[in-house]
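Here is what each chain is made of, one letter per residue.
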Amino acid sequence: MPAVLDIHDVTVAYHRKPVLWDVDLVIEGPQLAAIVGPNGAGKSTLIKAVLGLVPMASGRVLVFDQPVASQRKRIGYVPQRESVDWDFPVSVLDVVLMGTYGRLGWIRRPGRAERERARDCLAQVGLVSYERQQIGQLSGGQQQRVFLARALAQEADIYFMDEPMAGVDAATERMIFQVLSDLRKAGKSIIAVHHDLRTVPQYFDYVVLLNVRLVAAGPREQVFTPENLRKTYGGRLALLDTVGEVLEAGPR
Amino acid sequence: MMLKYNTLIVLAGVSLLGASAGMVGAFAVLRKRALTGDALAHAALPGLCIAFLILRERNVAAMLLGALASGVAGIMVISALRRWTRVREDAAIGSVLTVFFGLGIVLSKYIQNLSNIGSRAGLESYIFGKTAGMTRGDVYLIVAAGLLGLVAVALLYKEFLSISFDSEFARSLGWPVYLLDLLLMSLVALAVVIGLPAVGVVLISALLIMPGAAARFWTDRLGTLLVLSGIFGFAVGLVGTWLSASLDQLPAGPIIVLSGTTLFVFSLLFGKQRGILARWIDQRRFETSLGLRHLLRIAWEHQTEGPRQAAPFSSADLLVRKTWTGPRAKQLLASAQSAGLVRPVATGNDLYELTPSGRDEALAATRGHRLWEAFLAEYPDQANSTVNLASLSIEDYVPPAVVEQLTAQLQAAGRWPEDRMRAERSRESLAEGGAR
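Source: prediction; values computed, not measured.

Observations regarding the interface of chain B and chain A
Between chain B and chain A, the contact holds 34 residues from the first and 39 residues from the second. Buried surface at the junction of chain B and chain A, both sides included, amounts to about 3,300 Å², of which 59% is carbon and sulfur. Taken as a group, B:K158, B:F165 and B:F169 account for 23% of the area that chain B buries against chain A, more than any other trio of residues on that side. As a salt-bridge pair, A:K48 and B:E168 come within 3.5 Å of each other at their nearest N and O atoms. Scanning the region where chain B abuts chain A turns up eleven residue pairs in polar contact (both at pLDDT 80 or more). Looking at the side of chain B that touches chain A, the elements that each hand over two or more residues are α6 (136-155), α7 (157-165), α8 (167-172) and α11 (222-246) of chain B. At seven residues, α7(B) tops the list of elements feeding residues into the side of chain B that touches chain A.

Right under this line is the structure:
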């Protein structure tokens with residue numbers, strides 16, 4: 001079975017300051033994986049480097065044992081919500097339809113099949129009745145779900161998500177997680193940047209601990225330990241409290 | 001007759017250019033490249049002059065080619081400054097625009113001072129635009145370029161949409177975003193350069209920006225926005241050219257821009273979707289419906305739960321509960337009365353009671369209000385995300401099970417409003433039915 005993701009020797013630097021340092025990471029088999037680390041650890045950058053959105057100073061990335069450029073149709077992407085202008089004159093359905101653009105190729109417009117597919121994806125995130133609304137009229141949690149629906153419309157085999165649960169309420173977070181675990185059950189892989197240490201054990205079965213360099217990666221029960229978290233976050237007291245809380249809460 | 005035909009052709013040509021520039025420009029604005037188009041236009045002037053200086057005669061095609069070359073050079077300098085230095089984009093655009101334009105002005109003055117050929121260059125018309133002297137060949141060129149722009153936007157709608165809305169996502173699909181950007185800017189450059197003889201370098205960017213900006217007030221959908229931008233551009237080109245042709249001594253550029261401004265201001269005021277008037281009416285309507293709901297709820301609480309039950313209420317009773325002004329309270333009472341929700345008990349004494357249909361509405365408003373209150377107390381984390389307090393009906397936003405739970409909670413606390421009068425009436429009628 002090929003590795004779903006194989007990152008080797010990846011270094012990324014902005015203005016000569018490294019934000020990712022010598023990262024080696026192999027994820028075998030379908031996983032629901034969280035990328036965890038402090039602010040400025042390079043979590044988003046790692047995803048962007050994999051997708052070729054930021055230039056790498058060195059390294060190479062394989063997806064399903066192939067170069068990323070040849071696997072674009074099998075890759076789905078959920079960027080951070082803040083990365084776009086929500087005042088843009090498009091409807092909810094228009095945005096979800098963008099997920100079908102990759103398969104459509106150049107010039108061809110989405111037709112009825114694509115629209116049905118997009119509605120289907122909106123239904124999965126509970127936004128069917130919103131399809132005609134301008135995207136700026138939605139709440140933050142709903143906008144996040146629109147992005148998720150767009151990724152679903154990509155019908156990918158591996159999804160990269162940049163904080164898909166940032167700024168959403170508890171109910172939306174559970175709904176998003178339900179969608180992710182359904183994907184995982186269907187044999188897809190999800191690699192998500194996750195900001196909330198407390199919910200990692202509840203939602204994810206694979207953990208990547210990152211702080212510029214890779215600290216540890218593997219099945220959650222082996223990797224998500226106080227020892228590793230201390231290595232990732234340093235010995236700051238407030239964080240250690242959080243870590244303590246996490247471990248008391250235990251796995252789901 | 002021949003002259004008239006010529007005028008018609010010029011009108012058609014500039015209008016088509018307006019339509020094309022409007023649509024291409026709408027995308028440029030959405031991609032946040034509007035100022036780049038302006039810089040391109042200003043940077044075109046030196047190329048125009050240099051082409052004339054080399055050929056020493058007024059050859060429109062060569063001069064426009066020169067304009068295109070120096071315009072594109074300007075864009076490349078901006079792009080290089082942004083990419084390789086720490087100069088910010090706005091500063092880069094500002095410097096390139098002024099430096100190139102300054103150079104162009106110097107060159108054009110030099111040409112105009114050349115004793116033998118200077119007057120033949122007709123450079124004035126390239127700075128402020130002139131439609132009167134256009135030949136039929138110029139117009140055919142404009143038509144060809146305009147059609148090319150329209151066809152390109154129609155074909156690449158989906159591609160331009162993705163790079164304008166979310167360029168990172170487009171790149172994650174493997175699309176050549178840089179190339180598409182280049183293509184979009186080339187279309188802008190084409191519209192600018194072809195429009196130069198008619199509109200001039202100083203004001204051509206208005207033809208790019210104004211139609212799209214005006215159209216945004218009328219719609220929230222991109223397809224409609226593009227069509228409207230095309231129509232607006234067409235209208236601005238048509239009216240502007242026609243006016244400047246009839247007012248012979250005035251340059252076409254400023255007239256076209258002024259027509260565009262008129263359209264823009266009109267849209268700003270009266271645009272259906274985002275115009276000032278539409279927003280104001282919408283706001284007033286919302287305030288009135290919210291005010292009516294408050295009024296009904298207060299009336300309900302006064303008539304059914306207050307110490308003096310079934311007593312009529314006055315506008316003073318409303319002012320005890322709300323910070324409305326006296327006239328506002330009277331105004332709301334009047335609109336409630338005309339909607340048949342309340343009626344005066346007797347004429348002229350400022351005492352009102354709920355009508356039967358007013359009772360139903362008031363009951364619903366009171367229930368809705370208390371349900372929202374209970375919901376916010378129970379689920380504070382969802383205050384921002386799911387709650388739409390502008391909506392009367394909580395059922396539209398919250399799952400039925402939660403509504404039931406909140407209802408039970410209110411009933412237990414004795415805060416669930418019931419129409420006792422009606423309940424008694426139906427009990428009586430039941431009893432009567434039983435007695436028969």
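The rest of the description comes next.
Here we look at the pattern of salt bridges
Residues and elements named next belong to chain B. Evaluation of the coordinates by the stated rule reveals 24 salt bridges over all chains. In this structure, E89 engages R82 in a salt bridge whose closest nitrogen and oxygen atoms are separated by 2.7 Å. Notably, a salt bridge pairs R321 with E301, separated by 2.8 Å at the nearest N-O pair. Placement of R321 in helix α14 (residues 315-321) and of E301 in helix α13 (residues 276-305) is noted, with a sequence separation of 20 residues between them.

Topic: empty space enclosed by the protein
All names here are of chain B. Going through the model one piece at a time under the given rule, you end up with five cavities of 30 Å³ or more. Taken as a whole, the largest cavity holds about 40 Å³ of empty space. In terms of lining, the largest cavity is formed by V60, L64, M134, D138, L141, I142, I194 and P197. Those elements that provide at least two residues to the lining of the largest cavity are α3 (60-84), α6 and α9 (177-199). Among the elements that make up the lining of the largest cavity, the one with the highest residue count is α6 (three residues). When grouped by side-chain class, the residues that make up the lining of the largest cavity number seven nonpolar, no polar and one charged.

Definitions and limits used
- Residues numbered from 1 in each chain as written.
- Chains lettered and ligands numbered in written order.
- Predicted model: local features only at pLDDT ≥ 70, side-chain atom pairs only at ≥ 80, totals over all residues.
- Heavy atoms only, no water.
- Contact = heavy atoms within 4.5 Å.
- Buried area = accessible area lost by both parts, 1.4 Å probe.
- Salt bridge = Lys/Arg side-chain N within 4 Å of Asp/Glu carboxyl O.
- Polar contact = N/O pair within 3.5 Å; in protein donor to acceptor, adjacent residues only side chain to side chain.
- Helix = DSSP H or I, 4+ residues; strand = E, 2+ residues; numbered from the N terminus.
- 1 Å grid on protein atoms, 1.4 Å probe; cavity = no way out; pocket = protein on both sides within 12 Å on 5 of 7 lines; lining within 4 Å.
- Points joined across faces, edges and corners; volume = space filled by probe spheres on them.
- Nonpolar A, V, L, I, M, F, W, Y, C, P; charged D, E, K, R; others polar.

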